[in-house]
Amino acid sequence: MSCSRTLSQGVRHPKTWLKGNYFPERAIYCQLVLFLMLCFRYAVFIGLVIIVALCVASWFLAPKGQNQVLWRSSLILSIVSCYLMWAITFLAQLYPLIEPKRNDLREEFLGH
């Protein structure tokens, strides 16, 4: 079950298929897919908000004592490092710089 299948079966405009006029059993599924696609665009920013909250929590919840600065620094640096690693990997997969190329196509279909 896919949204592209419902579009190819005669739905003219996305707003009408989101309302479920043509395929009511698939309208909820298609709305969920579109919602998740929009969420992926904002995942980096949502992750940033979570990371900032974790950094603030680690700042205030670091154990008191002689090594408080060491605890704070270690926690915040490790949280930020994990976020940067995740964000770079996520963005590299979301917007790849190098596109895969097929080498099994015949020459008459290339470059059209």
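Conventions and cut-offs
- Residues numbered from 1 in each chain as written.
- Predicted model: local features only at pLDDT ≥ 70, side-chain atom pairs only at ≥ 80, totals over all residues.
- Heavy atoms only, no water.
- Helix = DSSP H or I, 4+ residues; strand = E, 2+ residues; numbered from the N terminus.
- Buried < 20%, exposed > 50% of the residue type's maximum accessible area, 1.4 Å probe, protein only.
- Contact = heavy atoms within 4.5 Å.
- Areas by Shrake-Rupley, 256 points an atom, 1.4 Å probe, with all protein chains shown as cover.
- pLDDT = per-residue confidence, 0-100.
- Expected span 1.5 Å × (residues − 1).
- Arc of directions from axis to C-beta.
- Core = buried A, V, L, I, M, F, W, Y, C linked by side-chain atoms within 4.5 Å.
- Phe/Tyr/Trp six-rings, centres within 6.5 Å; stacked < 30°, edge-to-face > 60°.

Chemist: What's the story with the overall build of the chain in this structure? I'm lost.
Modeler: Helix and strand counts for the chain stand at five helices and zero strands. Counting from the amino terminus, the chain carries its helices and strands in the arrangement α-α-α-α-α. Residues counted as buried form 20% of the 112 residues belonging to the chain. In the chain, once contacts between residues fewer than 6 apart in sequence are set aside, the share between residues at least 24 apart is 43%. As displayed, the chain offers around 9,600 Å² of accessible surface, 68% of which is attributable to carbon and sulfur atoms.

Chemist: Please explain the confidence of the model for the chain as it appears in this structure.
Modeler: For residues with low pLDDT, the predicted coordinates do not support detailed interpretation. Of the residues in the chain, 69% reach a pLDDT of 70 or more, and the chain-wide mean stands at 76. Contacts for the low-pLDDT stretch residues 1–12, under 50 throughout, to residues beyond four places or in other chains number 20 contacts.

Chemist: What's the story with helix 4 (residues 43–61) in this structure? I'm lost.
Modeler: Helical geometry: 3.6 residues make up each α-helical turn, so side chains three or four residues apart lie on a common side. In this model, helix 4 (19 residues) spans 26 Å end to end at C-alpha, consistent with the 27 Å of a helix rising 1.5 Å per residue. Those residues of helix 4 lying buried are Ala43, Val44, Gly47, Ile51, Cys55 and Ser58. For helix 4, the buried positions fall inside an angular range of 105° around the axis, keeping them on one side. Of the residues in helix 4, the exposed ones pointing more than 90 degrees away from the buried face are Phe45, Val49, Phe60 and Leu61.

Chemist: Just to check I follow, could you spell out the nonpolar core for this structure?
Modeler: Soluble globular proteins: nonpolar side chains tend toward being buried together. Ala43, Val44, Ile51, Cys55, Ile79, Tyr83, Ala87 and Phe90 form the largest nonpolar core, which has eight residues in total. For this core, the secondary structure elements donating two or more residues are helix 4 and helix 5 (68–94). Once you skip the residues sitting within four places of it in the chain, valine 44 turns out to touch Tyr83, Trp86, Ala87, Phe90 and Leu91.

Chemist: Sorry if this is basic, but what is going on with the packing of aromatic side chains here?
Modeler: Any two aromatic rings considered together are summarised by their centre-to-centre distance and by the angle between their planes. Under the criterion given, the structure shown has two aromatic pairs. Here the aromatic rings of tyrosine 83 and tryptophan 86 are separated by 6.1 Å at their centres, their planes lie at 40°, and the arrangement is tilted. With a gap of three residues between them, tyrosine 83 and tryptophan 86 both fall in helix 5, about one helical turn apart. For tyrosine 83, a relative accessible area of 13% translates into the label buried. Among the residues examined, tryptophan 86 registers a relative accessible area of 36% and is labelled partly exposed. Between the aromatic rings of tryptophan 86 and phenylalanine 90, the centroid separation amounts to 5.2 Å while the plane-to-plane angle is 20°, which identifies the pairing as stacked. In this pair, tryptophan 86 and phenylalanine 90 are both assigned in helix 5, four residues apart and thus about one turn of the helix distant.

Chemist: Just checking my understanding: could you explain the side chain of arginine 72 for this structure?
Modeler: Relative to the helices and strands, arginine 72 is located in helix 5. For arginine 72, a relative accessible area of 17% puts it in the buried group. Setting aside residues up to four positions removed in sequence, arginine 72 forms contacts with Ser58, Trp59 and Ala62.

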